[in-house]
Amino acid sequence: MAENTNAAGEVAAGAPPGMPQLNPDYFANQIFWLIVTLLVIYFVLSRVALPRIAAILAERQGTITNDIAAAEDLKAKAEAAEAAYEKALADARAEAQRIAGETKAAIQADLDVAIEKADAEIAAKAAESEKAIAEIRAGAQDAVKEVAKDAAHDIVALMGGKADEKAITAAVNDRMKG
Amino acid sequence: MADEATSGGGLSFKPMDQFEVKALFGGDIGMFTITNVTLWLALAVLAVIGLLVLTTSKRETVPGRGQSIAELMYGFVYKMVEDVTGKDGIKYFPYIMTLFMFILCANFLGLIPMSFTTTSHIAVTAVLGFGVFIAVTVLGFVKNGASFLSLFWVSSAPLPLRPILAIIEVISYFVRPVSHSIRLAGNMMAGHAVLKVFAGFAQVAVIAPVAIVGVMAIYGLEVLVSAIQAYVFTILTCVYLKDALHPHH
């Protein structure tokens, strides 16, 4: 280093030769104060700073662990709640299906009864109507027979013949059949 | 300081002036004199207290900025000790932390312009280096007894080579404190001297811009070196401690 200084510029007259680091006059002073410094730092660190930081870190670790445990707990609870909800939903759905089935069956039964009743009524009405129609038809045939006899009688009379009741009736009956 | 004046038109470089030990209140420098060394060592103590004690006073579970830094440094050194020396080295963590915090704070305080860099003095780093060396050697013999010497007997090497290796191992073991202390002092001193040389060039108007950019660049480098040297010193201490605890290769 001394060569450096010489090469770079002139050494000032008052400056001590060489490096101040190598001047043994100052060694005792430096060493004494360094040891004092190291002892002070050591005591500050070992008595105050390091236990305190260790405590802070341990406490944080504890808090994190607790929080994670609490979170796991809450998650388990949420899962249980979800399972319960799913179960309730499934039960409700099954119940609804059962009620729907029952209702459907009851309605079907009612409907069957009503249809049967209606069928019977319709059949009765139809029979009645058929009877009435038959009667009407029979009545109409008789009336036609009467009219035909009368008409035949009148026609025979008009033609100057003498109407034979029995022959006319037989003829009309014979025609009505054909 | 070197920037005082250009005497007689020539450049005045006094890059080593910054390392002068001076009595703060005059008088001769004896062992207990309050000097600039005392002042900057005291400031280092205050910096350590400020970084690790004041920042953690609130003991927040969710740390603020200051507390994060304190926890970061604690975690950094703790992990280093644990990784290098193993579980049984943890009880020496406060000593290692003391070394790391002192060197880190002293290095960074030394980067303040006009300050005094205590770790640039071989007297300081030699105490640290030989302190570690003696402590580790004593610890090695106390923990392992005579079998601590197996550190020098490389049992994995072929038998004829072992004596030669033992000599090399012994030499390297005794060179450790020297390299340990000179590495730190040399790095700090060289960086600061280079800064001063660049600052000296700033006296010449023509090259002043270059010199100032150079000072800034070197300053950035020195910030890096300050942290790295603190780290290197600490991790080597951990390695030596590991050798003392587990001397068998």
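Data block above holds the structure.
Residues numbered from 1 in each chain as written. Chains lettered and ligands numbered in written order. Predicted model: local features only at pLDDT ≥ 70, side-chain atom pairs only at ≥ 80, totals over all residues. Heavy atoms only, no water.

A. Focus on the overall build of chain B. Looking only at helices and strands, chain B has six helices and zero strands in total. For chain B, the α and β elements follow one another from N to C terminus as α-α-α-α-α-α. C-alpha atoms of chain B, sized along the principal axes, occupy 70 × 55 × 40 Å. Put simply, chain B has 249 residues, and 46% of those count as buried. Sequence separation of 24 or more characterises 68% of the internal contacts of chain B that already satisfy a separation of 6 or more. Of the roughly 11,600 Å² of accessible surface on chain B, a fraction of 74% belongs to carbon and sulfur atoms. Side-chain charges of chain B comprise 14 positive and 13 negative groups, with the mean position of each set lying 8 Å from the other. (Helix = DSSP H or I, 4+ residues; strand = E, 2+ residues; numbered from the N terminus. Buried < 20%, exposed > 50% of the residue type's maximum accessible area, 1.4 Å probe, protein only. Contact = heavy atoms within 4.5 Å. Areas by Shrake-Rupley, 256 points an atom, 1.4 Å probe, with all protein chains shown as cover. Lys, Arg positive; Asp, Glu negative; His and termini not counted. Charge placed at Lys NZ, Arg CZ, Asp CG, Glu CD.)

B. Structural view of the packing of aromatic side chains. Scanning all chains against the criterion turns up 16 aromatic pairs over all chains. With centroids separated by 4.6 Å and ring planes inclined at 85°, the aromatic side chains of Phe32 of chain A and Phe32 of chain B adopt a geometry described as edge-to-face. Taken together, the positions of Phe32 of chain A in helix α2 (residues 27-158) and Phe32 of chain B in the segment before α1 (36-54) put the pair across two chains. Under the relative-accessibility criterion, Phe32 of chain A is labelled partly exposed at 22%. (Phe/Tyr/Trp six-rings, centres within 6.5 Å; stacked < 30°, edge-to-face > 60°.)

C. View of a nonpolar patch on the surface. All names here are of chain B. There is a patch of nonpolar side chains on the surface, built from Phe130, Ile134, Val138, Val142, Ile167, Ile171, Val175, Val178 and Ile182 and spanning about 810 Å² of accessible area. Of all elements in the fold, only α4 (122-144) and α5 (162-201) reach the threshold of two or more residues within the nonpolar patch. Broken down by element, the residue count for the nonpolar patch peaks at five residues, all from α5. Mapping Val142 onto the fold places it in helix α4. (Patch = residues over 30% accessible without salt bridge, like charges linked within 9 Å, V, L, I, M, F, W, Y side chains within 5 Å. Salt bridge = Lys/Arg side-chain N within 4 Å of Asp/Glu carboxyl O.)

D. Geometry of the layout of surface pockets. Its boundaries defined by the atoms lining it, the largest pocket holds a volume of some 490 Å³. Lining the largest pocket we find 18 residues, and of these Tyr95, Leu99, Gly131, Val132 and Ala135 of chain B sit closest to its centre. Of all the elements in the fold, those that place two or more residues in the lining of the largest pocket are α2 of chain A together with α3 (93-110), α4 and α6 (208-245) of chain B. It is α4 of chain B that provides the largest number of residues to the lining of the largest pocket, a total of seven residues. (1 Å grid on protein atoms, 1.4 Å probe; cavity = no way out; pocket = protein on both sides within 12 Å on 5 of 7 lines; lining within 4 Å. Points joined across faces, edges and corners; volume = space filled by probe spheres on them.)

E. Spatial organisation of the interface of chain B and chain A. Facing 50 residues of chain B, the contacting portion of chain A comprises 41 residues. Both sides of the chain B and chain A interface together cover about 4,200 Å² of buried area, and 73% of this is carbon and sulfur. For the interface between chain B and chain A, the tally reads one salt bridge. Between Arg60 of chain A and Glu71 of chain B there is a salt bridge whose closest N-O contact spans 2.8 Å. Mapped onto the side of chain B that touches chain A, the elements with two or more residues apiece are α1, α2 (65-85), α3, α4 and α5 of chain B. Top contributing element to the side of chain B that touches chain A by residue count: α1 of chain B, with eight residues. Class assignment for the residues of the side of chain B that touches chain A results in 33 nonpolar, 12 polar and five charged. (Buried area = accessible area lost by both parts, 1.4 Å probe. Nonpolar A, V, L, I, M, F, W, Y, C, P; charged D, E, K, R; others polar.)

F. Highlighting the nonpolar core. Residues Leu45 of chain A together with Leu52, Met97, Met101, Phe102 and Leu128 of chain B are the most contacted members of the largest nonpolar core, which totals 58 residues. Contributing elements (two or more residues each) for this core: α2 of chain A together with α1, α2, α3, α4, α5 and α6 of chain B. Per element, the largest residue contribution to this core is 12 residues, and it comes from α3 of chain B. With residues near it in sequence (within four places) discarded, Phe102 of chain B still touches Leu34, Thr37, Leu38 and Ile41 of chain A together with Leu41, Ala44, Thr118, Thr119, Val124 and Leu128 of chain B. (Core = buried A, V, L, I, M, F, W, Y, C linked by side-chain atoms within 4.5 Å.)

G. Layout of empty space enclosed by the protein. All names here are of chain B. All told, the structure shown has one cavity of 30 Å³ or more when counted by the stated rule. The volume enclosed by the largest cavity comes to roughly 40 Å³. Forming the walls of the largest cavity are Gly129, Phe133, Val136, Tyr173, Arg176, Pro177, His180 and Tyr240. Elements supplying a minimum of two residues to the lining of the largest cavity: α4 and α5. It is α5 that contributes the most residues to the lining of the largest cavity, four residues altogether.

H. Structural view of the environment of Leu159 of chain B. Considering the arrangement of structural elements, one finds Leu159 of chain B in the loop between α4 and α5. Once the C-alpha coordinates of Leu159 of chain B and Val21 of chain B are considered, the two residues, 138 residues apart in sequence, prove to be 52 Å apart.

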